[in-house]
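Geometric and topological summary
Read off the chains here:
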Amino acid sequence: MQQHLVTESIPIIFVTEAKEEAFYKKVSGLSGYDFIQKPIDKNMFILKLHNYSKIYTNMQLSSNVINDSIIYSETDTQGIITKVSKRFIEISGYTQEELIGKSHNIIRHPTMPKSIYKNMWQTIQSGLSWTGTLKNRSKNGSTFIVKATVYPIIHTNGKIIGYASARHDITKEMIEKQRNKKILDAQYSLIIILTKGTITYINKTLFQHYNFKNLADFNHKHKSISELFEPHDENALMPLMENDTPWLDYVKKNNDQNIFAYITDKNSKQHIYDVHYRGKIASNQEIVVFTDVTQLQTQTF
């Protein structure tokens, strides 16, 4: 009964004549308990039942919402599934009978790095919650991607008795993100996305023409893309700007003018980019496009 109370939080009321300290210590380990001592006050008894009835009704409503809309599951301490929501069953393609008693890795996608799950287990076994993006595989082999929060279920005695996971399906968002990335990577222009003033995405143009493997490699070698800018004239984006914010502010302020960035590629060829701020693509993300006008500018000169 104690374990059931921990997982379901069903309130229980003790009606007792006992006043001994040992009794109170014994039941104080239970979740959601209350006392009514004899002789019973009828009005107080009815009031407590009424209050707990409302609490339990609200809990049931919340439980129904979770069951229908959240990919929720619980496991024991070994990762064996003990409970799943209706939404979990729907997206996984398994029946409840096929899931209960099985290891939670029944939905794990084979391409997921083991290091992610190692980190997750280390985190939740230490009593902390873990949040991350996971790729899962349903019964029919299709992929679904979730934003997951996994946390320990802790008994009132302080011991971990299992783990719970609440997951949100972000498959459509991730597919759209990958589609947009392919479109951006196919562009000849240099496209930069900044989050709160810091570069979080650069398309493949930078890596194809310049000596960087990926964004991490670029960030390791440079604090800002402005370190690549070369001085030329008053319309050029000058180098030696300490971070990405100054040059971004300059471009935004002078977006109606021709602003050029001069950058030399890995083959020692200088490229001339017409730089324009294209606005926000999310609440905290901004996009800047560097259009290669080298040939046009060379012809003009």
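Look above for the structure.
Numbering of residues starts from 1 in each chain and follows the order in which that chain's sequence is written. In keeping with the model being predicted, local features are shown solely for residues with a pLDDT of at least 70 and side-chain atom pairs are shown and tallied solely at 80 or more, while totals for entire chains, interfaces and linings include all residues. Side-chain numbers here rest on the full set of heavy atoms in the structure, without hydrogens or water.

1. As for the pairing of strand E12 (residues 285-292)
The line we're drawing: Note on exposure labels: buried denotes an accessible area under 20% of the residue type's maximum, exposed denotes more than 50%, and partly exposed covers the range between, all computed with a 1.4 Å probe on protein chains only. A run of H or I in DSSP becomes a helix once it reaches four residues, and a run of E becomes a strand once it reaches two; helices and strands are each numbered from the N terminus. A pair of strands is considered paired only if DSSP assigns at least 2 bridges between the two.
In terms of burial, E12 is a largely internal element, 6 of the 8 residues being buried. In this sheet, E12 lies alongside strand E8 (residues 190-195) in antiparallel orientation, the contact comprising 6 bridges. The residue of E12 that forms the bridge with isoleucine 191 is valine 289. By the bridge criterion, 7 bridges tie strand E11 (residues 270-282) to E12 in an arrangement that is antiparallel. Looking at E12, one finds that aspartate 274 is bridged to threonine 291. As consecutive antiparallel partners, E11 and E12 are separated by 2 residues.

2. A closer look at the packing of aromatic side chains
Stated precisely, the cut-off is as follows: A pair of Phe, Tyr and Trp rings is counted when the ring centres sit within 6.5 Å of each other, with Trp represented by its six-membered ring. The angle between the planes then sorts it: under 30 degrees is stacked, over 60 is edge-to-face, the rest tilted. In our convention, an over-ring charge means Lys NZ or Arg CZ found within 6 Å of a ring centre and within 35 degrees of that ring's normal.
Following the criterion strictly, the structure yields 6 aromatic pairs and no others. Measuring from centroid to centroid gives 5.4 Å for tryptophan 121 and tyrosine 163, while their planes differ by 85 degrees, and the two rings are edge-to-face. Taken together, the residues tryptophan 121 in helix H6 (residues 114-125) and tyrosine 163 in strand E7 (residues 160-169) connect sequence positions 42 residues apart. On the accessibility criterion, tryptophan 121 (25% relative accessible area) is partly exposed. Aromatic side chains phenylalanine 212 and phenylalanine 218 sit 5.2 Å apart centroid to centroid with 85 degrees between the ring planes, which places their arrangement in the edge-to-face category. Members of the aromatic cluster, joined through ring pairs, are Phe229, Trp247, Tyr273 and Phe290. The residue whose ring lies beneath arginine 108 is tyrosine 117, and the NZ or CZ to ring-centre distance is 3.7 Å.

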